[in-house]
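Single-letter residue listing:
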Amino acid sequence: MKSFLFKGRSKKVGLPPGTPEYIGKRRVVKTKITFVSYNEQDYQEKEIKSIEELVLSENKPKVTWINVDGVHEVEILKKISEYFGLHPLVLEDIMDTNQRPKIEDFGDYIYLVLKMLYYTDKSDEVIIEQLSLVLGSNFVVSFQERRGDVLDPVRDRIRNSRGLVRKRGSDYLAYSLIDSIVDNYFLILEKLGDNIEDLEDELVASPRTETLQQLHKLKRHMVFLRKSVWPLREVISRLERERSKLIMESSVIYLRDVYDHTIQVIDAIETFRDILSGMLDIYLSSISNRMNEVMKVLTIISTIFMPLTLVAGIYGMNFRFMSELESLWGYPVVLFCMLVISILMLIYFRKKKWL
Amino acid sequence: MKSFLFKGRSKKVGLPPGTPEYIGKRRVVKTKITFVSYNEQDYQEKEIKSIEELVLSENKPKVTWINVDGVHEVEILKKISEYFGLHPLVLEDIMDTNQRPKIEDFGDYIYLVLKMLYYTDKSDEVIIEQLSLVLGSNFVVSFQERRGDVLDPVRDRIRNSRGLVRKRGSDYLAYSLIDSIVDNYFLILEKLGDNIEDLEDELVASPRTETLQQLHKLKRHMVFLRKSVWPLREVISRLERERSKLIMESSVIYLRDVYDHTIQVIDAIETFRDILSGMLDIYLSSISNRMNEVMKVLTIISTIFMPLTLVAGIYGMNFRFMSELESLWGYPVVLFCMLVISILMLIYFRKKKWL
Amino acid sequence: MKSFLFKGRSKKVGLPPGTPEYIGKRRVVKTKITFVSYNEQDYQEKEIKSIEELVLSENKPKVTWINVDGVHEVEILKKISEYFGLHPLVLEDIMDTNQRPKIEDFGDYIYLVLKMLYYTDKSDEVIIEQLSLVLGSNFVVSFQERRGDVLDPVRDRIRNSRGLVRKRGSDYLAYSLIDSIVDNYFLILEKLGDNIEDLEDELVASPRTETLQQLHKLKRHMVFLRKSVWPLREVISRLERERSKLIMESSVIYLRDVYDHTIQVIDAIETFRDILSGMLDIYLSSISNRMNEVMKVLTIISTIFMPLTLVAGIYGMNFRFMSELESLWGYPVVLFCMLVISILMLIYFRKKKWL
Amino acid sequence: MKSFLFKGRSKKVGLPPGTPEYIGKRRVVKTKITFVSYNEQDYQEKEIKSIEELVLSENKPKVTWINVDGVHEVEILKKISEYFGLHPLVLEDIMDTNQRPKIEDFGDYIYLVLKMLYYTDKSDEVIIEQLSLVLGSNFVVSFQERRGDVLDPVRDRIRNSRGLVRKRGSDYLAYSLIDSIVDNYFLILEKLGDNIEDLEDELVASPRTETLQQLHKLKRHMVFLRKSVWPLREVISRLERERSKLIMESSVIYLRDVYDHTIQVIDAIETFRDILSGMLDIYLSSISNRMNEVMKVLTIISTIFMPLTLVAGIYGMNFRFMSELESLWGYPVVLFCMLVISILMLIYFRKKKWL
Amino acid sequence: MKSFLFKGRSKKVGLPPGTPEYIGKRRVVKTKITFVSYNEQDYQEKEIKSIEELVLSENKPKVTWINVDGVHEVEILKKISEYFGLHPLVLEDIMDTNQRPKIEDFGDYIYLVLKMLYYTDKSDEVIIEQLSLVLGSNFVVSFQERRGDVLDPVRDRIRNSRGLVRKRGSDYLAYSLIDSIVDNYFLILEKLGDNIEDLEDELVASPRTETLQQLHKLKRHMVFLRKSVWPLREVISRLERERSKLIMESSVIYLRDVYDHTIQVIDAIETFRDILSGMLDIYLSSISNRMNEVMKVLTIISTIFMPLTLVAGIYGMNFRFMSELESLWGYPVVLFCMLVISILMLIYFRKKKWL
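Residues numbered from 1 in each chain as written. Chains lettered and ligands numbered in written order. Predicted model: local features only at pLDDT ≥ 70, side-chain atom pairs only at ≥ 80, totals over all residues. Heavy atoms only, no water.

Enquirer: Could you give an account of the packing of aromatic side chains, naming the residues involved and the relevant values?
Expert: Per the stated rule, a full pass over the model turns up 50 aromatic pairs over all chains. On the basis of an interplanar angle of 85° and a centroid distance of 5.3 Å, the ring pair of Y172 of chain B and Y254 of chain B is categorised as edge-to-face. Of this pair, Y172 of chain B sits in helix α4 (residues 170-205) while Y254 of chain B sits in helix α6 (residues 252-314), and the two are 82 residues apart along the sequence. Summarising the burial analysis for this pair, Y172 of chain B and Y254 of chain B share the class buried. Between F84 of chain E and F139 of chain E, the aromatic rings sit 4.5 Å apart at their centres with planes inclined by 35°, giving tilted as the arrangement. A residue pair is termed long-range when its members are at least 10 positions apart, and F84 of chain E in the loop between α1 (74-83) and α2 (88-95) and F139 of chain E in strand β7 (residues 139-144) qualify at 55 residues. Aromatic ring contacts, followed pair by pair, group Y83, F84 and F139 of chain A into a single cluster. The ring of F35 of chain C is capped by K46 of chain C, whose NZ or CZ atom sits 5.6 Å from the centre of that ring. Over the ring of Y118 of chain E we find R146 of chain E, and its NZ or CZ is 5.3 Å from the ring centre. (Phe/Tyr/Trp six-rings, centres within 6.5 Å; stacked < 30°, edge-to-face > 60°. Helix = DSSP H or I, 4+ residues; strand = E, 2+ residues; numbered from the N terminus. Buried < 20%, exposed > 50% of the residue type's maximum accessible area, 1.4 Å probe, protein only. Lys NZ or Arg CZ within 6 Å of the ring centre and 35° of its normal.)

The following block contains the structure:
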């Protein structure tokens, strides 16, 4: 995750502002453009090769949704951007996948940047992809870094005329897309929540060095999630507050709903951070505790055997005049003394609660 | 507690917004609807099976309180929601028990989400349940996750006409319910405060590994309590400030009172957090201190016995020409020297304050 | 201090709001009511048994100050509260000693909650008591938990007509009382500051486990002081800003003065917290340092004696053919070698700066 | 980096405000003034010796950009400042390289202070240099501490008429310069990001004391970067918000773009700080872990060899009556017992998971 | 520094507000009053014994600056305060040297409290002294705790008519005094910055216990500096924003300049705090590292010598039947084995990177 922090930004240094240039992970796939157009009665969906095929139906009040998968081919994006009359800076931002979530109102259209999250089971990574939305009076254009499935439920609902989406305008479509994305965050959080629980059980049962490393991995995930979701709150709040003429009154309550969800996501991230901090404390004190255990064993062993060894050493001295050595009972008495010393020591340690 | 973080949210991904779907712990109990209707003179209370039985008395100025225990049966809730003309998003929120406390003013009615806390003695857990309130001009509908006893005092007061509740409107009833819930928080805090005191005594007397685990359990409780109570402050403050036409002037002072109580709860939670942090510090430094003790014992033992063992070793050497060995006083002199060395060492350690 | 966190609050759960019920430490003393009435010329002071004795002199412009020591007897307080026409919630708050400092403006009177601090030398505790003030157009009623001496200077000044208090109205009297209380905070802070200094000297000279415990005691004092003083700032600021008709223009500058003092107190508490945190750091690193010392002694001892013991052991072996043993100089040479080894080791440790 | 904190500020103490005096690193290079003048058709560039050579073309609407490398020669700067009618305090600020980024609007011109960052590969240092901008209605004057290459791309774009810069006024030129500087930040961040990644790999593979030192070096870099970039956010935001008559409407969107970039830079710095904190935690717990390892080895060794040594010591005693010593199998049996003891110990440690 | 926290405040408890009483360090020096009066042409300076000597020249537009060194003599200050018509609370504040920086606008005059810092080389202490300023329409009165040299540059500039001070009014004089004080902060910060650098070098070279103590001393300095400078920011900002009629339009830009300097000072203090925190981390981990070193030495020594001692012990046993003992090569073979064991151990430790 970290490795892509601003990688590729350097290409742009020195270029005039508004120069479109792809900044992000290497992509080889072809850009794919899907066109969906609908109103309450009609519905049309097709894949198009080039934006020239597209004629916005202006006579009938229809909503058009253009979805673009892939933002690395300048020429294609340039044409789309010209077709919809987007500002050069918008095109530049669409191609720069390092954006943070933001909203910009250009009067005729609103430009939104959002982050989509994917969880890959095999490498335990959270992948962050950028989604740009352009909302016009009767169209929505969405730009994704690559083909993803987060927006499919919305497409299904349009296709099957489920929910309100066919009855409302482009603003409701944009809301539906944002809502899909935020809903998807809950999936990721559930996944991470499970990971945290597993880790916690491991921490209590048998903390290992790998436990710590996973703890820090999760912590870092939280850093990046937070970065992706925090600004979204502001984005949706401004969308709701500033009341562009593109947003109908009836959609505001839905925006408030998705805003609440965003707050829930942020809340959960903060809670996870708190829990992970607590777990680090537990880990560290469990290391200290085990060190204590080790030291106690060492001290007990030393304290028992050192005096005994001294006793043995004393009777191993070669003095000519040591009457004990001549005594018949010398050896067993000494062995008995050693036993007594050991037992006394053990009692002492038991009393000190070291055993 | 942690285990229910967003569990079940994934069911909703992809559904159109406004689709009611229960999100929460598995429930098997049947939904129970209680109907209470009163004014200063009359009082009526019954359990109803279905919302069709309910006819709001519109000719006489009466306040009606519908309490619904159980929010997992879609059909029943749908009927209630239609009966009172609630927005589909409200119904959705009622059934999603992961909400954070919030308030939404729909003009004709105000929708509130609150959290109720229960403390279970046997597992030492704090259980968080959601309460949704809908406040209309002459009715209040409350939705609880399951049958609880937090609202009973209000029911008693209505029944016995104690306090002002029978003399006032639905806004005062809603206030009374909120006040009951906040009052209940004090019970939980008292319980947790006792636990903290017990733990503290234990910490001073004999800190063990379990002490740490309980400390962290309490800390986590605080994380969840905070999450439940913090937004409540904003909720009540908005209820008081925004002056919906549903809230009468005379109720505002009561809202201010419950607001003050909420602040007290938040204050206490913050204080508990501070105290728990301090206790963790004490625990950690007591571990360090004990490690120090252990090390000192080891060092004292080693420092006393190692020189003695060397002396014994020296006189155990088999050199032919060691005049001491032949001497009559050799053995007692060596023993005496060993004694002197031990005493000197002990004096040295006493001076170093290790003993 | 901690033990009284919400103790007794549970009694109130379920009671209708506005029900007066004493919440606080057990009290046995009788409530005592003192009545002071004055203007620039006259002065009258007496203890009264019941509020019925009290007739507010309404014809002459006089200021009346009723002081009530003890807030645990419902009946007495109820009568007073009715006499002055206080709202039931105010009476409830007066009897609940868990309030945080707050201000409420009821138009005809202003209700204030403040905290008084006492330092008890013998148990090194800070005791927090609640003072409620009701400020009316020509009267002030003060409610204390028990007889205290913090307000005595004001009484003296009225009696002896020192300062401006006899020349001004009830707002100046209320100000004087608040000022007395804040002045008293400085005494407590001086005391605690002395304790911190003593502790610091101890920490440098010879840190012990008790030092840590006292450190934490002081830290906890700061937590509770902060909780008592922080909201006071807001209280006084609102009193100054909101300009009730009860506050005369000429008193505002005095309120600003006491506000400044409050800020100074808060500043000092924050500084103390910073200092105490720093002291904890010093304590912990001094433990680590001493552990290091202990370990060094152990290592030095082991490193010197283990090789010597080995040498002695080698020449204690019973091999038949060990020519050194037969040599006349064997023994002294070995002793000399041991000496040399010891000296080399000592030089090595000196170089490593362990000695 | 740290070494230059306020070094040289002391020279100014006592001088009247507005006295120009160079404060910064010692400079020996000569001040260099470059003059660029352009409109959509024409373009002129030359190096000038003295400001007297400069005649602003006032009849034709041209934009003039004066770049001054070196701010340590009072006389030269004084002339420039008089030529453009700058306030003495502005001149003072230009020469004081300890400024934090700020903006001041003087009506006729806007004065901006920015920070440029350079990364020097050989010493792994981040160098911070100050850039002052004066934006007038048809001119921009930029003051750099020394010759740098951050502004070159803008000069190139003017020269080759790339982008919009030749078509717009002086406000767009100022924006282009700011944009260049912020773009440059991304380069530095990429570099530091790489360093952090390298360090992280090292930390996992083999943490050494130098790793810690580099960690702290990076942390300190972050402290200084933050100090340089945080106020920039406010600067650009005010430039955008306050709408001086010098800023044309069409430039505002570009300022918003550069504002977004600044937020991205700040975000990245905060993320880096979080990551570095996490790395310190890993480092510390890895030290604790290794200490644990060391202690375990010591304890295992002691626990195995101490009993064996005791056994050997016992049979080394010189008692006359020790029947074992006479036995034919005594020696092998003792050796076998020693083996058994060792193996039992090893099994014990394996069970304790120490091995 | 700490020792003077509120020392002496207790004297005031119980006195009526507005009672002047000196609170601060014991002073024995006599109060000294200097009188400076000037306009663009004239200049007059003299020391006066009593305020009665002073006649403000009211016919000619002159600026008068009264400087009072020593604020412990009530009578003198009372006369001055009456002469200028100051409010009793102002006099009280002037004599209480525990004030925090503040500003109060009384319409006819503005009262300012500032803090001056002195660094004493010999005890490495930062001394904080209070300066009160009263700014009237044509006069400035400054009160210092004792004779200091921070304001001398301003006096020199007036005397020699350097800078603008003679051309402007009393507001510019007040500004000049504030500016002098803030300039002086930079001197202190440079000094402390040097100390921090020295300490850092020491920390890397050879960290000792004293290093830690100095670290904490510097940290505490920062606590006190922060307390003195933070409120100053607000003071100057209000002076600039609230536009009293005493502040001329032309002075506002100068106030903005000194505001910027204050921000720089605050910035530097925060940076120093960050650096000192980082240094504490380094210190603590270097202690841990050294502990690790010590433990390694101990473990290596034990691990090498314990097995050897055992071997020697075994061949020191007195069994009758130990064939090795009779062998001619027994002794050298055993010695050789010991050598091999040692070498193997060393190789093992080298591999573990302990050596």
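Enquirer: Residues and numbers for the relation of the copies chain B and chain A, please.
Expert: Structural alignment of chain B on chain A gives an RMSD of 0.1 Å, achieved by rotating through 72° and translating 0.0 Å along the axis. Here the transformation between the copies is reduced to the relation of a five-fold axis. No C-alpha of chain B lies nearer the rotation axis than that of G316 of chain B, which sits 4.8 Å from it. In this assembly, only 16% of the residues forming the interface of chain B have copies in chain A that are likewise at the interface, indicating a heterologous arrangement. (Least-squares fit on C-alpha atoms with pLDDT ≥ 70 in both. Contact = heavy atoms within 4.5 Å.)

Enquirer: Could you give an account of the nonpolar core, with specific residues and numbers?
Expert: Within the largest apolar cluster, 363 residues are counted, with the highest numbers of intra-cluster contacts made by L173 of chain A, L173 of chain B, L173 of chain C, L173 of chain D together with L173 of chain E. Counting 128 residues, the second-largest nonpolar core is a separate cluster that includes M295, I300 and L325 of chain D together with L308 of chain E. (Core = buried A, V, L, I, M, F, W, Y, C linked by side-chain atoms within 4.5 Å.)

Enquirer: Account for the relation of the copies chain A and chain D, naming residues and giving values.
Expert: In screw terms, the move from chain A to chain D is a rotation of 72° and a rise of 0.0 Å along the axis, fitting with an RMSD of 0.1 Å. A distinct binding surface is used by each copy, with only 16% of the interface residues of chain A retained as interface residues in chain D.

Enquirer: Help me get a handle on empty space enclosed by the protein, residues and values and all.
Expert: In this approach, a probe sized like a water molecule rolls over the atoms, and the result shows the empty space that is left. The calculated volume of the largest cavity comes to roughly 130 Å³. Around the largest cavity, the lining is made up of 15 residues, and of these S302 of chain A, S302 of chain B, S302 of chain C, S302 of chain D together with S302 of chain E lie nearest the centre. Elements represented by at least two residues in the lining of the largest cavity include exactly α6 (249-314) of chain A, α6 of chain B, α6 (249-314) of chain C, α6 (249-314) of chain D together with α6 (249-314) of chain E. (1 Å grid on protein atoms, 1.4 Å probe; cavity = no way out; pocket = protein on both sides within 12 Å on 5 of 7 lines; lining within 4 Å. Points joined across faces, edges and corners; volume = space filled by probe spheres on them.)

Enquirer: Break down the packing of α6 of chain D against helix α8 (residues 330-351) of chain D for me, citing the residues and quoting the values.
Expert: All names here are of chain D. Close contact between α6 and α8 brings their axes to 10 Å; oriented N to C, the two are set at 160°. Taken together, the axes of α6 and α8 are roughly antiparallel relative to one another. For α6 against α8, the interelement crossing comes out right-handed. Only V334, M338, I341, S342, M345, L346 and F349 of α8 make contact with α6, whose side of the interface consists of T299, I300, T303, I304, P307, L308, V311 and A312. (Axes fitted to C-alpha atoms, helices over the stretch in contact; angles between N-to-C directions. Parallel < 35°, antiparallel > 145°, perpendicular 65-115°, else oblique. Left-handed = near helix turned anticlockwise from the far one by under 90°.)

Enquirer: Residues and numbers for the side chain of K102 of chain E, please.
Expert: Within the fold, K102 of chain E resides in strand β4 (residues 102-105). According to the relative accessible area criterion, K102 of chain E is buried, its value standing at 8%. Of the polar contacts made by the side chain of K102 of chain E, one reaches the side chain of D93 of chain E; its length is 2.6 Å. Setting aside residues no more than four positions away along its own chain, K102 of chain E makes contact with D260 of chain C together with D93, Y111, L112, V113 and V235 of chain E. (Polar contact = N/O pair within 3.5 Å; in protein donor to acceptor, adjacent residues only side chain to side chain.)

Enquirer: I'd like to hear about the pairing of strand β7 (residues 139-144) of chain D, residue by residue, with values.
Expert: Residues and elements named next belong to chain D. With six of six residues buried, β7 is to be regarded as a mostly interior element. With six bridges connecting them, strand β3 (residues 63-69) and β7 associate as parallel partners. If you follow V68 over to β7, its bridge partner there is F143. Of the pairings in the sheet, the one linking strand β6 (residues 125-135) to β7 comprises five bridges and is antiparallel in character. (Pairing = 2+ DSSP bridges.)

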